[in-house]
Structure formats: C-alpha cells, structure tokens
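Each chain, written out:
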Amino acid sequence: MTESETPTPQPSPDAAAPSRGFPWIAVVVSGVACFGLAALLVNVFERKQEGRNPFVQVVELDVTTDDPAEWGKNFPDHFDDYRKSVDMTRTKWGGSEAVLRDPTENDPREFTSRSKLDSIPQLKRMWAGYAFAVDFREARGHAYAFEDQLFTKRQDVGQPGTCLHCHASVYKGMYELGDGDVHAGFEKLNEMTYDEAKLHAEHTIACIDCHDPKSMALRITRPAFAEGIAAAKAAEGIPDYDVNTMATRQEMRTYVCAQCHVEYYFKGDKKRLTFPWNNGLKAEDMLAYFDEAGFKDWTHAETGAPMLKAQHPEYEMWTQGTHARRGVSCADCHMPYKRVGATKISDHHVRSPLLNVNNACQTCHKVSENELVAHAEAIQGRHQKLVDETLDALVDLIDDLKAAKEAGATDEQLEAARYQQRKASFFVDFVEAENSSGFHASQEAARILAESIDASRTGQLKLREIGLPIETFQRTDEATAATE
Ligand code: HEC
Ligand code: HEC
Ligand code: HEC
Ligand code: HEC
Ligand code: HEC
C-alpha cells in the first residue's frame, strides 16, 4: 500500500476484470524463481484489495459539508487533482492563458484570462447596449468560477442572486435557506440580489455539487436542470422524468456537467433560473421558446432590435454530435480514468482534453497523439473561419438597420429586419458561446452558422424592400474597411 492510500468507494473496474490476472500468470508459466513469484503474488493480492476496499473514512460528510478540503481528507487523490484546475494552459483554440493586471479595490484579482472582446472585434457590435460588450473573457478552470463572477465588470449593472447557481457551491446555502428543502431554498436564492446571495456560499464549484456525501454517487443538485431535462424529455415523449432516479450512470456522467454548461435565462420578475428546453435542445427550439414567451435579454443600442444572448450551450451542442451518438459522456473526455497505484480514478482536473489526449482520447482512438490533436484542430480551424464570416454578415445587417433607422424608417418598416437580427445573432452566439470551437458537434455548428448567415442576408433584403433610396445602404470606404 505505497502508491495510494485511498482506494475508490466503487469497485474499480480493475478489481473485477480478469484481464489483470493474465500477465502475472504468463510470468509464472515462463518460470520465474520461487522467491520472486511469492513476492509478486503478495503484491498482486495487495493491489487487488486496494482496488476493492471501501475508502478510508477519515471524516464524516453530510449535506452541509461544502468545504472540498473536508472531502479531501477521505479522498486525497481526488482532491489533489481537483485543485489543479487553477492551472492555466492554452491550446490552439481553447484552454486559457493568464493575463496579469493591477489589482484594485473593486477587483483584487492579480490575473485573469484573455478578453474575447479584443480577439473577436465583431462582438462589441453584436452586443451593443448590453453588459457583455463591456467585459467578456475566456473561460478558465473551476477554481476561478466564483471569483470571476464576483469581479466581472458585468456586475456593475447589478446582477440577481440567480447568477450564483453555476459559479459557487450553493447546495448547502439552498438547503439551509429552505430549512432542508433545496427547491424552496432555490426559489429564495433567485429572488435575492447578487450581493445578498453571495453571502450564502463560501466555495467555488465543489464535491457536494456533483456527489451524494453518503454514497458518493453522482446526483443532480440543481433544481433548474432537473426541471429543464424533464421538459426536454417531455418534448421527446417521455413524461414525468425524474433525473435522479431515472438516469443511467453513463447519463449522469454528462448530466452533472449539464447542470451548468447550458443555455439559460432568468424567467419573470423573480429572476428564476430556467433552461428554455420545452421545445427541445436545438437552437431553433430555443428561439421558438423565447419567441413564444415574448422574451428579450436587451434592446440593441444601434438598431432597436429585441435581442437574445446565448450562453455556453455545451450540453445541448454535444447532444447533436458524433460522440453523444456513440454514448461518449462529458466525463469520458474531460475526466478520464487515470491510474493511481493499482486503482483507476476519474481525473478531477477538469480541463481541455487536448492537454490530456493520452487518457482522454487514446483509450478509444488508436492513432497517434499528434494526429488526434491535428484532427481536432482542423475541425476547429474550419469552424472559426466560418464563425468569422457569419459575424461579418451580422455586422452588415446591423449597419444596414442602423442606416435605415437614421434615414427615418418606422418601427413597423424595421420589424422584419429586426427579427432577422435577433435570429442571426442568437444563432451565431449559440455557436460562439459554445466553448469547444465546433469540436462537440461540428456539422451541427456549421448548419446553425449557415442559418445565421441566411437570416442576416434576409434581413438586408427586407430593408431594401421598404422603399428607401438605395444610397441609404451605400457605405463610405472607411465604414466598409472598419467591418472587414
Ligand atoms: C469526445 C470528447 C469530448 C466530449 C464527449 C465532450 N468534450 Fe468538451 N471538449 C472536447 C474537446 C476536444 C474540446 C476542445 C478543447 C480545446 O480547444 O482545447 C472541448 C472543449 C470543451 C470546453 C472548453 C474547454 C477549453 O479548455 O476551452 C468545455 C467547457 C467543454 N468542452 C465542456 C463539455 C461538456 C459539458 C461536455 C458534455 C456535455 C463535453 N464537453 C463533452 C472534447 C469533448
Ligand atoms: C446555468 C449556469 C450559469 C449561470 C446561471 C451563470 N453562469 Fe456564468 N458561466 C457559466 C459557465 C458554464 C461558464 C464557463 C463557460 C463560458 O465562459 O462560456 C461561465 C462563465 C462566466 C464568466 C467567465 C467568462 C466571461 O463570460 O467573462 C463570467 C464572468 C460569468 N460567467 C458571469 C456570470 C454572471 C454575471 C451571471 C449572472 C448574470 C452568470 N455568470 C450566470 C454558467 C453560468
Ligand atoms: C456548478 C456549475 C458547474 C458544473 C457542475 C460544471 N461546471 Fe465546468 N465550469 C463552470 C464555470 C462557471 C466555468 C468557468 C469558470 C471561470 O471561467 O472562471 C467552468 C469551466 C469549465 C472548463 C474550463 C474551460 C477552460 O477554458 O479552461 C471545463 C473544461 C469545464 N468547465 C468542464 C466541465 C465538465 C466536464 C463538467 C462535468 C464533469 C463541469 N464542467 C461541471 C461551471 C460548472
Ligand atoms: C463537476 C462534478 C464533480 C465534482 C465537482 C467532483 N466530482 Fe467526483 N466524480 C465526478 C464524476 C463524473 C465521477 C465519475 C463517476 C462515475 O463514473 O460514476 C466522479 C467520481 C468520483 C469518485 C469515485 C471514484 C472515481 O474516481 O471514479 C470519488 C471518490 C470522487 N469523485 C470524489 C470527489 C471529491 C473528493 C471531490 C471534491 C474534491 C469531487 N469528487 C468533485 C464528478 C465530480
Ligand atoms: C469512449 C470512446 C471515445 C473517446 C474517449 C473519444 N472518442 Fe472520438 N469517437 C468515438 C467514436 C465511437 C466515434 C465515431 C466514429 C466511429 O464510430 O468509428 C468518434 C469520432 C471521432 C472523430 C470524428 C468525428 C467527426 O464528426 O468527424 C474525431 C475527430 C474524434 N472522435 C476525436 C476524438 C478526440 C480528439 C477525443 C479526445 C478528446 C476523442 N475523440 C475521444 C469514440 C471516442
């Protein structure tokens, strides 16, 4: 028992698999000296015990243990990996990179991640009049989730408590606010201001957000996901879906992530966290949902269009891809098994799988690491080119709308084109805000981008039908250069 003192609570796949015994038997047959043999058998025996033993319980965990360091006393290897999410490492299109800054009283962070507003200039036009046009950065590890939300400049507009759900360990807070009823606590948290709500959480995303403290089984702790997935299942014809009792273990290896890595909005005056999945999980299903609800996130400052903001639909996009189709879960790639002594544990250093290709991909794909990275980057490179073209088309529509508005077109005359802006913007945002740069479902991403370009160009045509002089839409060389 040297390499690991903390066997897994679940029987490791290793312990049961007969294949583990075979190499040692082969050694026996080839006639190794007796002394060596005995030593080996003892070693094998010990290692197998290690794989099977329940974990060493040092502390007792319950529903109010939100400090991951406490859980770490029982599971030190998991805790070590979990803490590695502070690492910031770039990949070609993903990962993250530390950018130094001067700490201020309002924002004590010494470094953040790169600003996406600098790297993708069209975004400021797309979000004109909305807080995202002020501060939008690359995602980084779970270790930063709480502080990045506390200190983003998007807080300057006064955010609701609802924000906290995906950025901090709120399970204990909801449990206590609801006197043991997490759903009741959820309702209370939503209605608070962010400044009130943040006092009900102490840690960033932690063990208790994904695990039952008694059994260590995966479980859904976020009411918004339980409701959202039930609505999506109902749309597929499966009524009364209860995720915590009906999901398979393999599904849970995706669903725990889908509690947060999804499109969402704040419904009504109570700012209730809601996933817009009543019609299904595709971009047009959500657009239809928002249209039916008459919902807008903001009014576009340049054009007056009623806009929608899409955010990180990793789960929804994944459902449309090749890997989901073959049953490959988020955890398979982002938390692959790794070996610690004789046990296999799930790597709790959640990060870009392209930094961990050996464990994340090569278990299934028997090709070289270089080839796998090259293949992923080829998909992502084509994708980014298409995103850029799509954003240019949207900026063209925004320019035309603005020109028509300045030339005196009425709201009625602008309505059709404004709707096309809403649609084009939501679709390209849906793809851009999805953090895999097309990898999770490249063909679906391309399809959505094509729909977005079509909407932008349709909007421009609608404006040409309202009878303004054609010069209205002619740009000076300077203006054209600025958008190219
Ligand atoms: C087949 C493997 C695979 C599966 C399954 C998968 N991903 Fe990914 N994911 C990737 C790859 C590859 C990237 C691109 C990473 C990069 O560009 O560095 C990525 C990127 C991401 C990113 C951005 C990471 C970064 O470093 O920029 C997030 C967040 C993410 N995935 C979440 C999810 C979620 C949530 C699920 C499940 C709903 C999921 N992924 C399923 C392979 C996978
Ligand atoms: C449904 C879950 C969820 C909710 C609710 C949520 N976030 Fe996030 N947030 C995420 C995820 C997942 C990421 C990482 C992926 C990304 O950056 O796109 C993220 C990233 C961020 C980031 C870092 C990247 C960036 O955008 O600059 C900030 C800051 C942030 N959120 C602020 C907020 C604020 C403010 C609110 C409330 C208005 C909020 N979040 C509500 C899930 C959520
Ligand atoms: C409680 C909400 C929550 C849960 C659950 C969650 N995430 Fe995240 N995740 C976030 C937020 C928020 C961020 C962004 C943090 C930041 O930028 O400060 C993030 C960041 C990430 C990143 C890093 C992206 C980068 O560019 O480095 C990856 C990868 C990721 N999550 C994958 C997953 C996977 C896989 C799961 C499930 C095993 C999961 N997350 C579960 C909220 C969550
Ligand atoms: C974002 C979700 C998430 C968080 C946070 C999380 N885990 Fe896990 N954990 C998982 C997933 C997914 C698995 C794989 C479970 C399965 O396959 O049934 C897992 C598995 C485990 C296992 C079972 C053995 C193994 O390695 O597969 C242990 C023990 C464990 N986690 C401990 C912890 C501890 C301790 C923390 C906090 C320091 C933690 N986890 C935080 C998602 C999470
Ligand atoms: C659990 C198994 C599994 C894991 C892990 C896995 N894949 Fe796959 N991958 C598949 C399967 C199955 C297919 C579908 C092709 C097939 O059926 O032969 C696939 C397809 C692909 C494709 C072609 C997809 C397309 O739409 O063109 C690429 C590229 C790919 N995988 C890359 C990766 C990378 C990179 C990783 C690691 C981040 C990874 N895979 C992890 C099983 C896996």
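Above: the structure in question.
Being a predicted model, the structure only gives us computed values, none of them experimental.

1. Things to note about the site of ligand 5
- Thr322, His323, Cys361, Cys364 and His365 are the nearest of the 13 residues found near ligand 5.
- One nitrogen or oxygen atom from the side chain of arginine 326 is found 3.4 Å from an oxygen atom belonging to ligand 5.
- If you list the elements that add at least two residues to the shell around ligand 5, you get α17 (322-325) and α20 (369-406).
- Residues of the shell around ligand 5, tallied by class, amount to eight nonpolar, four polar and one charged.
- Here the shell around ligand 5 spans two domains, since at least three of its residues come from each of domain 2 (68-354) and domain 3 (371-483).

2. As for the environment of glutamate 434
- In this fold, glutamate 434 is placed in the loop between α21 (411-432) and α22 (442-464).
- Residue glutamate 434 is classed as buried on the basis of its relative accessible area, which comes to 3%.
- Glutamate 434 sits 118 residues away from glutamate 316 along the chain, and the two C-alpha atoms are 9.3 Å apart.
- Sequence-distant contacts of glutamate 434, that is, excluding residues within four places in its chain, are made with Pro313, Glu314, Met317, Asp429 and His440.

3. Some details on the site of ligand 3
- Taken together, 20 residues are adjacent to ligand 3, and His142, Asp148, Cys257, Cys260 and His261 come closest.
- One of the backbone N or O atoms of glycine 95 is found 3.3 Å from an oxygen atom in ligand 3.
- Here an oxygen atom of ligand 3 and a backbone polar atom of alanine 139 are 2.9 Å apart.
- Of the residues in the shell around ligand 3, the class split is ten nonpolar, six polar and four charged.

Cut-offs and rules
Residues numbered from 1 in each chain as written. Chains lettered and ligands numbered in written order. Predicted model: local features only at pLDDT ≥ 70, side-chain atom pairs only at ≥ 80, totals over all residues. Heavy atoms only, no water. Near = heavy atom within 4 Å. Polar contact = N/O pair within 3.5 Å; in protein donor to acceptor, adjacent residues only side chain to side chain. Helix = DSSP H or I, 4+ residues; strand = E, 2+ residues; numbered from the N terminus. Nonpolar A, V, L, I, M, F, W, Y, C, P; charged D, E, K, R; others polar. Domains from an automatic or database assignment. Buried < 20%, exposed > 50% of the residue type's maximum accessible area, 1.4 Å probe, protein only. Contact = heavy atoms within 4.5 Å.

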